[in-house]
Amino acid sequence: SSINKLIKTKKWQINSYKELAKAKIESQLNNYPIEKNVLLKNLGMFFKGGGFSRKDLIEDNKYPAILYGDIYTQYEYKTSTINHFIDSDTYTASRKIINGDIVMAGTGETKEEIGKPILYTGNQMVAVGGDIIVFRPYKMGNAEYLLYQLYSQAALKHRYINGKGDIIVHIYPTTLGNTPISLPSDSDQMKAVEKINKIISQTNKTTALLIEEITTLKEFKTRLISDVVTGQIDVRNIEIPEYEYVD
């Protein structure tokens, strides 16, 4: 029970650090004079993924691919490496992204998460599956800044209001194209991106340590249970305290 309580505390710490990082990112986005306010559709082009599904994934790591569910479960903010792969024929027939493209989930379970964006920073072309919406900026230099703008409160509110459905939520390129974007000067965009990257890097380091500690605690709990079951620890005279369960 004590181990479970400690795991619960560390999970709470992880969520707190992530929420603090979001607040710091929002602060950086509002920290510079705005030169113009535009809609996202004026800053690039949209297209949809398609051509394969989860059943097409294979172990071979030659042809990388992203499914819309991966955006929620595999990646955070941006990535240069891809965790799933498909065969050559499926890859050839699929839509692909390149360095600097922003991929967004067109389907989700809640309005809070719909349209989550990820910036691809790798060098290999990557196939993108159905229910993925791709945004390719006209100006490659500000792709990172646009990514962080898509995590702003204004962008999140826009997606929440315009997400369609209850059990399964959908959002469409035309809707995403109307996302409001506030742009400072190019130099200020670069300053904001540099500071935001530092915020994310520090947050990732801190949460990685906490995740490692949680893993160690779970291993210790498993070993403790094993020692009791196998009789290596005598618990016959121990008073059982109130038990707290943690997922």
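Residues numbered from 1 in each chain as written. Predicted model: local features only at pLDDT ≥ 70, side-chain atom pairs only at ≥ 80, totals over all residues. Heavy atoms only, no water.

What follows concerns the overall build of the protein. The number of helices and strands found in the protein is seven helices and 13 strands. If one aligns the C-alpha atoms of the protein with their principal axes, the spans along those axes are about 70 × 50 × 35 Å. Across the 247 residues in the protein, those meeting the buried criterion constitute 42%. The contacts in the protein between residues at least 6 apart in sequence include a share of 81% that link residues at least 24 apart. Of the roughly 14300 Å² of accessible surface on the protein, 53% is carried by carbon and sulfur atoms. Positive and negative side-chain charges of the protein, numbering 31 and 29 respectively, have mean locations separated by a distance of 5 Å. (Helix = DSSP H or I, 4+ residues; strand = E, 2+ residues; numbered from the N terminus. Buried < 20%, exposed > 50% of the residue type's maximum accessible area, 1.4 Å probe, protein only. Contact = heavy atoms within 4.5 Å. Areas by Shrake-Rupley, 256 points an atom, 1.4 Å probe, with all protein chains shown as cover. Lys, Arg positive; Asp, Glu negative; His and termini not counted. Charge placed at Lys NZ, Arg CZ, Asp CG, Glu CD.)

Our focus in this paragraph is unusual backbone geometry. At Tyr 77, a residue that is not glycine, the phi angle is positive and equals roughly 70°. Given the relative accessible area of 8%, Tyr 77 is considered buried. Backbone geometry places Asp 131, a non-glycine residue, at a positive phi of 65°.

The interhelical angle for the contact between helix α1 (residues 2-29) and helix α7 (residues 186-229), taken along N-to-C directions, is 175°, at an axis separation of 10 Å. Classified by the angle their axes make, α1 and α7 are roughly antiparallel. By residue class, the composition of the contact of α1 with α7 is 18 nonpolar, six polar and eight charged. (Axes fitted to C-alpha atoms, helices over the stretch in contact; angles between N-to-C directions. Parallel < 35°, antiparallel > 145°, perpendicular 65-115°, else oblique. Nonpolar A, V, L, I, M, F, W, Y, C, P; charged D, E, K, R; others polar.)

Below, the discussion takes up the sheet that holds strand β10 (residues 126-128). Strands sit in the order β5-β3-β10-β6 across an open sheet of four strands; the sheet is mixed. Lying at the two open borders of the sheet, with one neighbouring strand each, are β5 (84-85) and β6 (96-97). In this structure, strand β3 (residues 64-66) lies alongside β10, joined through two bridges in parallel fashion. Among the inter-strand pairings, Ile 66 is bridged to a residue of β10, identified as Val 128. (Pairing = 2+ DSSP bridges.)

Structurally, Asp 188 is set in helix α7. Given the relative accessible area of 13%, Asp 188 is considered buried. Other than its neighbours up to four places away in sequence, Asp 188 contacts Tyr 32 and Pro 33.

A few words now on a nonpolar patch on the surface. Taken together, the side chains of Phe 220, Leu 224, Val 228, Ile 233, Val 235, Ile 238 and Ile 240 present a nonpolar region at the surface, about 590 Å² in accessible area. Structurally, Ile 233 can be placed in the segment after α7. Since its relative accessible area comes to 31%, Ile 233 is described here as partly exposed. (Patch = residues over 30% accessible without salt bridge, like charges linked within 9 Å, V, L, I, M, F, W, Y side chains within 5 Å. Salt bridge = Lys/Arg side-chain N within 4 Å of Asp/Glu carboxyl O.)

This part is about the side chain of Thr 207. Relative to the assigned elements, Thr 207 resides in helix α7. The exposure class of Thr 207 is buried, given its relative accessible area of 7%. Once you skip the residues sitting within four places of it in the chain, Thr 207 turns out to touch Ile 14 and Tyr 17.

Let's shift gears to the sheet that holds strand β9 (residues 117-120). Taken together, the five strands give an open sheet; going across it, the order is β2-β11-β7-β9-β4, and neighbouring strands pair in mixed fashion. Lying at the two open borders of the sheet, with one neighbouring strand each, are β2 (44-48) and β4 (78-79). As defined by bridge partners, strand β7 (residues 102-105) adjoins strand β11 (residues 132-137) across four bridges and the pair is classed as antiparallel. Bridge assignment links Ile 102 to a residue of β11, and that residue is Phe 135.

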